[in-house]
Amino acid sequence: MQFLEQIPLASYTTFGIGGPARWFAEAQTEDDLIEAIGFARERDIPLFILGGGSNLLVSDTGFPGLVIRIALKGIDQNASQFSVAAGEDWDKFVSFAVDQNYGGIECLAGIPGSVGGTPVQNVGAYGQEVAQTVHSVRVLDLQTMRFLELSAAECGFAYRRSIFNNSQRGRYIVTRVTYEFKKDAVAVVSYADLKRYFQDKSAVPTLSEVSSAVRQIRQQKGMYIVPGDPDCRSAGSFFKNPVISRTHFAQIAANFDGFQVPNYPAENDQVKLPAAWLLDQAGFHKGFALGRAGISSKHTLALINRGGACAADIAALRDAIVAKVVEKFAIQLEPEPVWVE
Ligand SMILES: Cc1cc2nc3c(=O)[nH]c(=O)nc-3n(C[C@H](O)[C@H](O)[C@H](O)COP(=O)(O)OP(=O)(O)OC[C@H]3O[C@@H](n4cnc5c(N)ncnc54)[C@H](O)[C@@H]3O)c2cc1C
């Protein structure tokens, strides 16, 4: 296994931003992982696990320890169960399952990144999230240096959350994910965009039609990575949709007398608001620019690198948005991408 020094991280991220990793190694097997961790522990340096780099904002000073890029490959299929190595490309795997007419992740087509990244924030889109199909997750426990299989229940999935990015952050490295799908399932068409897409079609759309519709819709929003499209130099949605109390929501709604404030029911009788709506109301519209950082011209929620931006440029825009939304709505927006430094 090779341990490289001072490797710029920008090209490993979809933002195209980030300083160097002091040390950098690619793990192609579980044994590589053990070796890499030994290397970091001997030197007493921090570890960072890199998947597809699609949910990261790497600081301009880079990372002072060892970045391990997860490059484990392989798909084992047993009837409707697919055990997939963490380094496999997620969108290619979606096609692999959909091409065999297995349903469960057709709406998650077009999300960039690795398979190992999907349970971390319980990726979701267009009416599905991986929590619905994850059977178990194989991990290396850094506390005991043992490999173990966590059941879906043990992963603690919730909206954009799991134990991996929450209570047990930094403890586990995902090496495989096992998904359980349904053969010949009826495709999920629950989101308004998808319903609109198929409104003139009389027959029920197939899984493959739904996944390609999702990719097309995502592309129109700059949420499907197309080389050369500047709106794609992002980490997808930059802010989570905030969840607030009913009382807080009533206060906001009262200020919008006569206008409908978009909202959805959330856990524990709370209310979820679309972060994109809050940004718009706070004056941050599609195409907004602040120096080399900006907002996608196709999607209000995607902060982008307009060309040559550094992490500080994106952070300045993030801070300006957060401050304005606090001032206007008393809501503290939470960024979705992981800040690496
Ligand atoms: C254009 C665009 C559209 C997007 N659309 C969506 C969307 O619709 N829905 C959605 O949920 N997300 C979306 N995202 C965000 C992102 O694609 C997902 O969160 C993705 O799953 C991240 O995976 P990754 O491999 O790129 O992880 P990375 O960005 O490399 O890492 C993200 C976090 O996961 C950790 N991690 C990664 N791999 C492992 C592993 N094997 N073991 C332990 N920890 C690991 C990292 O340490 C880091 O903390 C979008 C991003 C972009 C750029």
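Being a predicted model, the structure only gives us computed values, none of them experimental.

## So, the site of the ligand
- Taken together, 34 residues surround the ligand, and among them I49, G52, S54, S114 and R218 come closest.
- For the ligand, an oxygen atom lies 2.8 Å from a polar atom in the backbone of G52.
- At 2.6 Å, a side-chain N or O of R218 approaches a nitrogen atom of the ligand.
- In the complex, 94% of the free accessible area of the ligand, which totals 980 Å², lies under the protein chains.
- Among the secondary structure elements, those contributing two or more residues to the shell around the ligand are β3 (47-50), β9 (124-125) and β13 (172-180).

## Notes on the packing of helix α2 (residues 90-99) against helix α4 (residues 207-220)
- Interaxial distance between α2 and α4 falls to 9 Å at its minimum, and their mutual angle equals 155°. The pairing of α2 with α4 is recorded here as roughly antiparallel in orientation. Handedness of the α2/α4 crossing: left-handed. Taking contact as the criterion, the partners of D91, V94, S95 and V98 in α2 are, on α4, L207, S208, S211 and R215.
- The class makeup of the residues in the contact of α2 with α4 is 3 nonpolar, 3 polar and 2 charged.

## Side note on the packing of aromatic side chains
- According to the stated counting rule, one finds 22 aromatic pairs in the structure shown.
- Residues F82 and F96 carry aromatic rings whose centres are separated by 6.2 Å and whose planes lie at 90° to one another, so their mutual orientation is edge-to-face. Taken as a pair, F82 in strand β7 (residues 81-85) and F96 in helix α2 lie far apart in primary sequence, 14 residues in all.
- Here R43 stacks its cationic end above the ring of W23, 5.7 Å away from the centre of that ring.

## A few points about the nonpolar core
- Membership of the largest hydrophobic core comes to 58 residues, with the highest contact counts inside it found for L66, W90, F93, F164, Y179 and L194.
- Both of domain 1 (4-70) and domain 2 (75-220) provide at least three residues apiece to this core.
- Every residue in contact with Y179, bar those within four places of it in the chain, is listed here: S80, Q81, F82, V84, W90, F93, V115, T118, V130, T133, V134 and H135.
- F238, I252, L273 and L303 belong to the second-largest nonpolar core, a separate cluster that totals 33 residues.

## Notes on the sheet that holds strand β2 (residues 20-27)
- Strand order in the open sheet formed by 4 strands is β1-β2-β5-β3, and the pairing between neighbours is mixed. Strands with a single pairing partner mark the edges of an open sheet, and in this sheet they are β1 (4-8) and β3. Averaged over all neighbouring strand pairs, the angle between strand axes comes to 40°, with direction disregarded.
- Examined bridge by bridge, β3 and strand β5 (residues 63-70) share 4 bridges and lie parallel to one another. What sits directly across from L47, in β5, is L66.

## So, the domain arrangement of the protein
- The assigned domain composition of the protein is domain 1 (4-70), domain 2 (75-220) and domain 3 (230-340).
- At the junction of the two partners, domain 1 supplies 14 residues and domain 3 supplies 18 residues.
- Interface area for domain 1 against domain 3, summed over the two sides, is near 1,300 Å², with a carbon-plus-sulfur share of 62%.
- Counting across the interface, domain 1 meets domain 3 through 0 salt bridges.
- In this structure, the connection of domain 1 to domain 3 is made through 8 residue pairs in polar contact (both at pLDDT 80 or more).
- Looking at the side of domain 1 that touches domain 3 residue by residue, the classes come out as 7 nonpolar, 6 polar and 1 charged.

Here is what the cut-offs are and how they apply
Residues numbered from 1 in each chain as written. Predicted model: local features only at pLDDT ≥ 70, side-chain atom pairs only at ≥ 80, totals over all residues. Heavy atoms only, no water. Near = heavy atom within 4 Å. Polar contact = N/O pair within 3.5 Å; in protein donor to acceptor, adjacent residues only side chain to side chain. Areas by Shrake-Rupley, 256 points an atom, 1.4 Å probe, with all protein chains shown as cover. Helix = DSSP H or I, 4+ residues; strand = E, 2+ residues; numbered from the N terminus. Axes fitted to C-alpha atoms, helices over the stretch in contact; angles between N-to-C directions. Parallel < 35°, antiparallel > 145°, perpendicular 65-115°, else oblique. Left-handed = near helix turned anticlockwise from the far one by under 90°. Contact = heavy atoms within 4.5 Å. Nonpolar A, V, L, I, M, F, W, Y, C, P; charged D, E, K, R; others polar. Phe/Tyr/Trp six-rings, centres within 6.5 Å; stacked < 30°, edge-to-face > 60°. Lys NZ or Arg CZ within 6 Å of the ring centre and 35° of its normal. Core = buried A, V, L, I, M, F, W, Y, C linked by side-chain atoms within 4.5 Å. Buried < 20%, exposed > 50% of the residue type's maximum accessible area, 1.4 Å probe, protein only. Domains from an automatic or database assignment. Pairing = 2+ DSSP bridges. Buried area = accessible area lost by both parts, 1.4 Å probe. Salt bridge = Lys/Arg side-chain N within 4 Å of Asp/Glu carboxyl O.

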